[in-house]
Amino acid sequence: MKELHEGIVVRVHGGHHYVQDGERIVDCSLRGLMKKERVAGDLVVIGDRVRWEPTGEETGVITLVLPRRLVLSRKPPAARSPQEQVLVANPDLALLVFAFQKPVLSTFMLDRYLVACEAVALPVVLVINKLDLATGAEDYAASSLYQRIGYQVCYTNALTGEGLEPLRERLRGKLSILTGPSGVGKSSLLNALWPQLALRTGEISEYHAEGVHTTVVSRLLQPELGTYVADTPGLRTYELWDIDPEQLDAFFPEMRPYLGQCHFKPCTHTHEPRCAVKAAVERGEIAPVRYESYRKMFG
Ligand code: GDP
Ligand code: ZN
């Protein structure tokens, strides 16, 4: 009987699919038939769990992609094809990294990431880095708002290692997507969590710069066996998900209790009178900045 091998795709590059199976990494091609069956460009992506058969010492062929639990995708740059491009399969967690200062936290950008994660029901950990640059209580105003909404927030200092332990625990054994604006300390944070990664400062962001025009090279970093972090250039560059404006309100968790209570049904919570969401904003139950984000995203 043939041995059954199963692994996870950690890197895809020019027809090579590197499959992590236990402690080894096998360079796999795709079985011919699979290419016909699956849509081009979306055959096998990082995070995919696959069955494979050995063809040599360190080479193999992927015979089956196991069903994807969840995918993160984006529309390719205009005109190429209207089809979605899957970036990562089966993520467990999104790590959204921002900083207290340099750059200062943009709630609108954060809200966009959050909506994108809510839309695919991907759990979020919000990391506010550069804790050493926080000067007073007002610096925590933005992030504590997200805590009140129910998001997990970690405060870190990548230079001293402060606050890293809970984060490391949270990431252990999971496949996490790492994202956030340039310069917030993503590379520093990964290095501080796992020095053996030895990333160059700015390395993660550099990838992002290259990713704009070149083919997307994606990889999963594996700082510990079974713990993966997706370093995906396209993630920060493109509009990730097309969100139907009609559904947008449901992706703001603090609005959910009021949905269905507006006078008009459906209600866009923009111009309609007797809107339960707007009333909640006026009563201070929904933060005005969050409502502003909703309005901007609604278009
Ligand atoms: P990335 O672009 O998100 O990968 O950010 P980098 O890791 O390259 O860091 C950008 C700059 O912020 C570098 O100069 C880091 O040394 C600095 N930096 C990273 N973490 C911290 C921190 O916790 N506090 C301070 N003060 N600076 C930090
Ligand atoms: Zn309304």
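See the structure above.
Quick caveat, the model's predicted, so the values are computed rather than measured. (Residues numbered from 1 in each chain as written. Chains lettered and ligands numbered in written order. Predicted model: local features only at pLDDT ≥ 70, side-chain atom pairs only at ≥ 80, totals over all residues. Heavy atoms only, no water.)

A. Unusual backbone geometry, seen in detail. The omega torsion across Lys102 and Pro103 is -5°, close enough to zero to call that bond cis. With respect to the secondary-structure elements, Pro103 resides in the loop between strand S8 (93–99) and helix H2 (107–119). A cis geometry characterises the amide bond from Lys265 onward to Pro266, with omega recorded as 0°. Position of Pro266 among the secondary structure elements: in the loop between helix H7 (234–237) and helix H8 (276–282). The backbone of Asn90 sits at a positive phi, close to 60°, despite the residue not being glycine. Its location among the elements puts Asn90 in the loop between strand S7 (85–89) and S8. In this model, Lys130 sits at a positive phi of 65°, which is unusual for a non-glycine residue. Tracing the chain through its elements places Lys130 in the loop between strand S9 (124–129) and helix H3 (141–149). (Helix = DSSP H or I, 4+ residues; strand = E, 2+ residues; numbered from the N terminus.)

B. Examining the environment of Gln152 more closely. For Gln152, the location among the structural elements is in strand S10 (residues 152–155). The partly exposed category is assigned to Gln152, whose relative accessible area is 30%. Linking Gln152 and Pro123, residues 29 residues apart in sequence, is a C-alpha distance of 9.3 Å. At 2.6 Å, the side chain of Gln152 forms a polar contact with the side chain of Arg170. (Buried < 20%, exposed > 50% of the residue type's maximum accessible area, 1.4 Å probe, protein only. Polar contact = N/O pair within 3.5 Å; in protein donor to acceptor, adjacent residues only side chain to side chain.)

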